[in-house]
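The lines below spell out each chain.
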Protein chains: 2
Amino acid sequence: MNRKINFNAGPSALPLPALERAKEEFLDFAGSGMSVMEHSHRGKEYEAVHDEAIALLRELLGIPATHEVLFLQGGATQMFAQIPMNILDKGQTAQYLVNGAWGEKALGEAKAVASMFGASIAVDNYGEGEGKEKKYTRVPAPSDIKINPAASYCHIASNETIHGVQFNADGSRPFPETGVVPLIADMSSDFLWRPLDIGKFGLAYAGAQKNIGPSGVVVVVISKELVEKGRKDIPKIFQFRTHVENKSLYNTPSTFGIYMIRNVLSWLKGLGGLQKVEEANRKKGARLYGAIDANPQFYRSPVEKESRSLMNVVFRLPTPELEELFIAEAKKRGMVGLKGHRSVGGIRASIYNAASYEWVDTLAGFMEEFAKGK
Amino acid sequence: MNRKINFNAGPSALPLPALERAKEEFLDFAGSGMSVMEHSHRGKEYEAVHDEAIALLRELLGIPATHEVLFLQGGATQMFAQIPMNILDKGQTAQYLVNGAWGEKALGEAKAVASMFGASIAVDNYGEGEGKEKKYTRVPAPSDIKINPAASYCHIASNETIHGVQFNADGSRPFPETGVVPLIADMSSDFLWRPLDIGKFGLAYAGAQKNIGPSGVVVVVISKELVEKGRKDIPKIFQFRTHVENKSLYNTPSTFGIYMIRNVLSWLKGLGGLQKVEEANRKKGARLYGAIDANPQFYRSPVEKESRSLMNVVFRLPTPELEELFIAEAKKRGMVGLKGHRSVGGIRASIYNAASYEWVDTLAGFMEEFAKGK
C-alpha cells in the first residue's frame, strides 16, 4: 500500500499501529468469534476495552481524582450547547473569550441556551475587523484578559484549528488564570499532544477526530464539582451527572469509536507518554515554521509568533494561484489535506500526533524546493 | 475463525459480508492510501459514501420526496429529548402510547422537555400493574387507541426490545391511525427488516446498532413539514432543520459508522430488497415461536400472540435455574446473547437481519433437545 501523507484537520491521520491492530482483529475480537462492534456494550469483553480507555487516558494525562472522564456523542459542537445547558442558571452570566471560528460557534450556542434559560453571556473578542470579515491572528496575552469573578464559567477554544492560533504554545500566552471561576476549554485540536495540568480546568472537552480516534466520540474531562452543580431540570441524556453515574454507558456509546481510542491511547503509552510526544511535536513544529520563516519573501504566517499553533500550521503564498499549484504539486508527491479552511483560504498542515517527523520533513523539503522553483 | 451465533439485542451481529468488506479496505479505502476514517468528512471520497448510504436507504424503504433522511449522533435515547425540543411548543400537548421500557424512557425525557417549555404530555399506558413492577405483554389494538386530535404528535416505540412486543407483526395490531396528528416512532429494533409505508410517519428514528450498523449513529426519517415546524429558539445542533440544510454534515458525523451503514445497506440491496428480507425474517420467527409453542409444558412466551415481536423473541423456562442452565449450555454450542434483559429476566433471542435462518434453526433445535433432556 502507498500510504498517503495526511495533513487533514480532522478527521485526520490515525497512528498506523492503532489501525493495524483494529484490522487484525476486526472480525474476531480477542478470540471472541465476533467483531468488537458486535459485542454488547454491557458485556465483559467490551467493558474491558471501555475501562482500559478510561484508565489509559487518566494515566497519560495524570487526571486527578477530582475529575471524571466521559466518552459522549455529538462532538465538541454538541458540547457548545450541552455545557451551558448544564451549568448556566437563570440570571447567571458566562464569559466567552473568542479568538477564532470555533470560539464563535461555541458562543452562538451558549447565547441560544442563555436566552432559553434567562441567563446572559459576556464576550471578549480578540479578532480584528467586523462580523464575518473578522480576522483572528492571536490568542490573548495575560494582560489582555480580565476575568469577571461573578461569571459561572469562562470559556476558551484553546487551539483554533481554522486560524492556527493556540494558547500556551511557547509559554508566553498561557491558559487564562481564572481564579475561582471554572475554566472551560474546547481542546479538540489541543488534546493529548503534550502533558497538561488538567486539574486547572473545570471542564476540558475534545472531539476525538484529531488526536484521539475516529469521529463520533467527544472526550469530556470534568470536575466533580461542576457535575454536582449541574442543573437537574434538563433531559437526563444532557446531564453530565447521568453519564458520570453510568460510566458513559447510560445510552449505547460508539463502542467501535471508543475501541479505536483505546488503540490510540495504548500506542501513545507505548511511545513513552506525553512528555516524549511533546518533544516530537515541538521538533515537527520547529521544522515546519522554520521552512516558513526561512523564505519570508515567499511564505507568510498570518499568525502572531507567540500564538502560533503547533497542531495546525497555517501559511500563505504570494498569490492564491500559487497556493493552488502548491496543493496540486504536493498531492502528486502523496501529500493530502493541505488546503486551508474554505473560510480563510491559504495552506494548512495539521500535524497531530499521528503525523510523523518524516511527513513534516517531506513537506518542509517540498516547501523549500517549491519556493526555489518560482 | 469460529464465528459465534450472536443473538445480542444491540449492539448485535452484523452481516459478515459487510464486515469483511470493511476489513479488506480498512487501511486503504478505495485505493486512497488512507483508512476511510482518516478522510475528511468534507472530502469527495467520504462524501460519496455518505451520499450512497442516503440513496440506498431511500431506495430500500421507498422514502418519498416529502421526507428527509438524517444520520445523527446520540442514539434513540437522545432523540427522546431532541424530538420534543423541536416539536413541542408552549401550551401544547404530545400524546405518548407506552407499551414497554423504551416507551417509558421516551416519555420521561418528553416530560422533562415539556416542563422546560411549559407544555404537557398525555400518556396512555398499556402495561399491567404499577410503577417498576409494570408488565408489558402487548401493543394496543386499534380499538384500544384514542388519538387526541389536538396533540402536536403521537409517539410510540414500535418494537419493544426488552419486552418483545411489536406493532404490526401479524397484521392485527397495525400502527396507530393518527389522522392529522403526526405519528412519531422509535423504530430502533423495528427498522429495515421489512417494507414499510414510511410516508405514514411524521418521524421515524432508529439507533443503528440493531439492523443498520454499529452503535453511534441514529437514523432519522422526518417529514419536511415537521422540519419546517421545528422551533428556532433552541441551539442549532438540536434543530433538525440544521442537519437537513447541511445533509447531516453540520458537525462531523460518525464517518466510520455511516460507512458501515453503507456496507450493510448495500448487502441488503444485494439480498433483493426488503420484501425478500421480510420473507426470511418471517421464516425465522415461525421456526423459533414454533419451538416455543411445541413445548408448552417447558417453554412459555409471556407475550400476547398478536403482539409477538419478530425481532426480539422472549420466552421463559419453568424456573430461573433452568434458564441459567439453558444459557450456559447454549454458550457451549457457540450461541451467545440469549440472556433476557436484567429488568425482566428469562431468555431473549434477538434475530435481526444478520441472524441467519441457520442460526435460528440451531437455536430451535437446541431448544427441542434441551426440553427433552429435562
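Right above here is the structure, for reference.
Our next topic: the overall build of chain A. Looking only at helices and strands, one finds ten helices and 13 strands in chain A. For chain A, the C-alpha radius of gyration of 21 Å lies close to 21 Å, the compact-globule estimate for 374 residues. Taking the principal axes of the C-alpha coordinates as reference, chain A spans close to 60 × 55 × 30 Å. A total of 374 residues make up chain A; the buried ones form 63% of that total. For chain A, restricting intrachain contacts to residue pairs at least 6 apart in sequence, the fraction spanning at least 24 positions comes to 71%. Considering chain A, the positive charge centre built from 45 side chains and the negative charge centre built from 42 side chains are found 2 Å apart.

On inspection of all chains with the given rule, the structure shows 37 aromatic pairs over all chains. Measuring from centroid to centroid gives 5.6 Å for B:Phe366 and B:Phe370, while their planes differ by 45°, and the two rings are tilted. Of this pair, B:Phe366 and B:Phe370 are both found in helix H10 (residues 357–373), four residues apart, which corresponds to roughly one turn of the helix. Residue classification places B:Phe366 among the buried positions, given a relative accessible area of 3%. Taken together, the aromatic side chains of A:Phe26, A:Phe29, A:Phe256, A:Tyr259, B:Phe26, B:Phe29, B:Phe256 and B:Tyr259 make up a single cluster linked through ring pairs. The ring of A:Phe117 carries A:Arg231 above its face, with NZ or CZ at 3.8 Å from the centroid.

A word on unusual backbone geometry. All names here are of chain A. Omega for the bond connecting Gly-10 with Pro-11 falls within 30 degrees of zero, at -5°, which places this linkage in the cis form. When you line up the elements, Pro-11 lands in the loop between strand S1 (5–6) and helix H1 (16–24). For Asn-168, which is not glycine, the phi torsion reads 60° and is therefore positive. With respect to the helices and strands, the residue Asn-168 is situated in the loop between strand S7 (165–166) and strand S8 (183–186).

Residue and element names in this part refer to chain A. Taken in spatial order, the seven strands line up as S2-S10-S9-S8-S5-S3-S4 in an open sheet, and their pairing is mixed. Since the sheet does not close on itself, it has two edges, and those belong to strand S2 (67–72) and strand S4 (120–125), each with one partner. Neighbouring strand axes in the sheet, compared pairwise and without regard to direction, differ in orientation by 15° on average. Here S8 pairs with strand S9 (residues 203–207) via three bridges, running parallel. Bridge pairing in S9 places Ile-184 opposite Leu-203. Along the sheet, helix H2 (residues 44–61) makes contact with S2 and strand S10 (218–223), crossing S2 at roughly 130°. Running at roughly 155° to S9, helix H3 (residues 75–87) makes contact with S2, strand S3 (93–98), S8, S9 and S10 of the sheet.

Here the focus is a positive patch on the surface. There is a patch of like positive charges on the surface, built from A:Arg42, A:Lys236, B:Lys105, B:Lys132 and B:Arg342. With respect to the helices and strands, A:Lys236 occurs in the loop between helix H5 (224–229) and helix H6 (240–245). With a relative accessible area of 48%, A:Lys236 lands in the partly exposed category.

Here H3(A) is 13 residues long and its end C-alpha atoms lie 18 Å apart, about the 18 Å a rise of 1.5 Å per residue gives. Along its length, H3(A) reaches its greatest deviation from straightness, about 30°, at A:Ala81, and the proline A:Pro84 lies no more than four positions downstream.

Turning to the interface of chain A and chain B, a few remarks are in order. With 64 residues of chain A at the contact, the number on the chain B side is 64 residues. Overall, the association of chain A and chain B removes approximately 5000 Å² of surface from exposure, summing both partners, and the carbon and sulfur fraction of that is 61%. Counting the surface chain A buries against chain B, the share from its top three residues, A:Lys23, A:Leu27 and A:Glu38, is 13%. Between the two partners, chain A and chain B, sit two salt bridges. Notably, a salt bridge pairs B:Arg3 with A:Glu38, separated by 2.6 Å at the nearest N-O pair. At the boundary of chain A with chain B, the tally comes to 27 residue pairs in polar contact (both at pLDDT 80 or more). Elements with a minimum of two residues in the side of chain A that touches chain B: H1, H3, helix H4 (101–117) and helix H7 (255–270) of chain A. Of the residues assigned to the side of chain A that touches chain B, the class counts are 27 nonpolar, 23 polar and 14 charged.

Here we take up helix H9 (residues 320–332) of chain B. Residues and elements named next belong to chain B. Here H9 contains 13 residues, and its C-alpha end-to-end distance of 19 Å stays within 8% of the 18 Å for a straight helix at 1.5 Å per residue. Among the residues of H9, Leu-322, Glu-323, Phe-326 and Ala-330 are the ones counted as buried. Considered in projection along H9, the buried side chains sweep an arc of 105° and stay on one side of the axis. Structural note: H9 exposes Pro-320, Glu-321, Glu-324 and Lys-332 on the side pointing more than 90 degrees away from its buried face. Close packing links the buried residues of H9 with strand S11 (312–315), strand S12 (335–336), strand S13 (347–350) and H10. The positive-phi residue at the C-terminal boundary of H9 is Gly-334, with phi of around 85°.

So, about the environment of A:Ser343. Note on placement: A:Ser343 falls in the loop between strand S12 (335–336) and strand S13 (347–350). For the pair formed by A:Ser343 and A:Lys132, sequence separation is 211 residues and the distance between their alpha carbons is 9.3 Å.

Residues and elements named next belong to chain A. Relative to each other, helix H9 (residues 320–332) and helix H10 (residues 357–373) sit at 130°, their axes nearing to 11 Å. Judged by the inter-axis angle, H9 sits oblique to H10. Here H9 and H10 pass one another in a crossing that is right-handed. Across the interface between the two elements, Leu-322, Leu-325, Phe-326, Glu-329 and Ala-330 of H9 pack against Leu-363, Phe-366, Met-367 and Phe-370 of H10. For the contact of H9 with H10, a count of residues per class yields eight nonpolar, no polar and one charged.

For the rest of this paragraph, the subject is the relation of the copies chain A and chain B. Its rotation angle being 180°, the transformation that places chain A on chain B also includes 0.0 Å of axial translation and leaves an RMSD of 0.0 Å. These values place the two chain copies in the arrangement generated by a two-fold rotation axis. Of the residues that chain A buries at the interface, 98% are likewise interface residues in chain B, meaning the two copies contact each other through the same surface.

Next up on the list: the nonpolar core. Of all hydrophobic cores here, the largest spans 122 residues; its most connected members are A:Phe26, A:Phe191, A:Phe256, B:Phe26, B:Phe191 and B:Phe256. Contacts of A:Phe256, omitting those with residues within four sequence positions, involve A:Phe26, A:Val36, A:Met37, B:Phe26, B:Met37 and B:Phe256.

Further remarks concern the pattern of salt bridges. Residues and elements named next belong to chain A. According to the stated counting rule, one finds 40 salt bridges over all chains in the structure shown. In this structure, the salt-bridge partner of Asp-51 is Lys-247, at a minimum N-O distance of 2.7 Å. In this pair, Asp-51 is assigned in helix H2 and Lys-247 in the loop between H6 and H7, connecting sequence segments 196 residues apart. For Lys-247, a relative accessible area of 32% translates into the label partly exposed. Across the pair Glu-368 and Arg-287 runs a salt bridge, and its minimum N-O distance is 3.0 Å.

Attention shifts here to the side chain of A:Asn281. Tracing the backbone shows A:Asn281 in helix H8 (residues 274–293). Leaving out residues up to four positions away in the same chain, A:Asn281 has contacts with A:Trp193, A:Leu310, A:Met311, A:Ile351, A:Tyr352 and A:Asn353.

The packing of two helices is summarised by the inter-axis angle and the distance between the axes. All names here are of chain A. Following both chains from N to C, one finds H2 and H7 inclined at 40°, their axes separated by 9 Å at the closest point. Regarding the angle of H2 to H7, the classification is oblique. The two elements H2 and H7 cross, and the hand of that crossing is left-handed. Taken together, the residues of H7 that come into contact with H2 (itself represented by Tyr-46, Val-49, His-50, Glu-52, Ala-53, Leu-56, Leu-57, Glu-59 and Leu-60) are Thr-255, Ile-258, Tyr-259, Arg-262, Leu-265, Ser-266, Leu-268 and Lys-269. Split by residue class, the contact of H2 with H7 holds ten nonpolar, three polar and four charged.

Here is what the cut-offs are and how they apply
- Residues numbered from 1 in each chain as written.
- Chains lettered and ligands numbered in written order.
- Predicted model: local features only at pLDDT ≥ 70, side-chain atom pairs only at ≥ 80, totals over all residues.
- Heavy atoms only, no water.
- Helix = DSSP H or I, 4+ residues; strand = E, 2+ residues; numbered from the N terminus.
- Rg over C-alpha atoms; globule rule 2.2 N^0.38 Å.
- Buried < 20%, exposed > 50% of the residue type's maximum accessible area, 1.4 Å probe, protein only.
- Contact = heavy atoms within 4.5 Å.
- Lys, Arg positive; Asp, Glu negative; His and termini not counted.
- Charge placed at Lys NZ, Arg CZ, Asp CG, Glu CD.
- Phe/Tyr/Trp six-rings, centres within 6.5 Å; stacked < 30°, edge-to-face > 60°.
- Lys NZ or Arg CZ within 6 Å of the ring centre and 35° of its normal.
- Pairing = 2+ DSSP bridges.
- Axes fitted to C-alpha atoms, helices over the stretch in contact; angles between N-to-C directions.
- Patch = residues over 30% accessible without salt bridge, like charges linked within 9 Å, V, L, I, M, F, W, Y side chains within 5 Å.
- Areas by Shrake-Rupley, 256 points an atom, 1.4 Å probe, with all protein chains shown as cover.
- Salt bridge = Lys/Arg side-chain N within 4 Å of Asp/Glu carboxyl O.
- Expected span 1.5 Å × (residues − 1).
- Bend = angle between axes of the 7 residues up to and from the residue.
- Buried area = accessible area lost by both parts, 1.4 Å probe.
- Polar contact = N/O pair within 3.5 Å; in protein donor to acceptor, adjacent residues only side chain to side chain.
- Nonpolar A, V, L, I, M, F, W, Y, C, P; charged D, E, K, R; others polar.
- Arc of directions from axis to C-beta.
- Parallel < 35°, antiparallel > 145°, perpendicular 65-115°, else oblique.
- Left-handed = near helix turned anticlockwise from the far one by under 90°.
- Least-squares fit on C-alpha atoms with pLDDT ≥ 70 in both.
- Core = buried A, V, L, I, M, F, W, Y, C linked by side-chain atoms within 4.5 Å.

These figures capture arrangement, not role.
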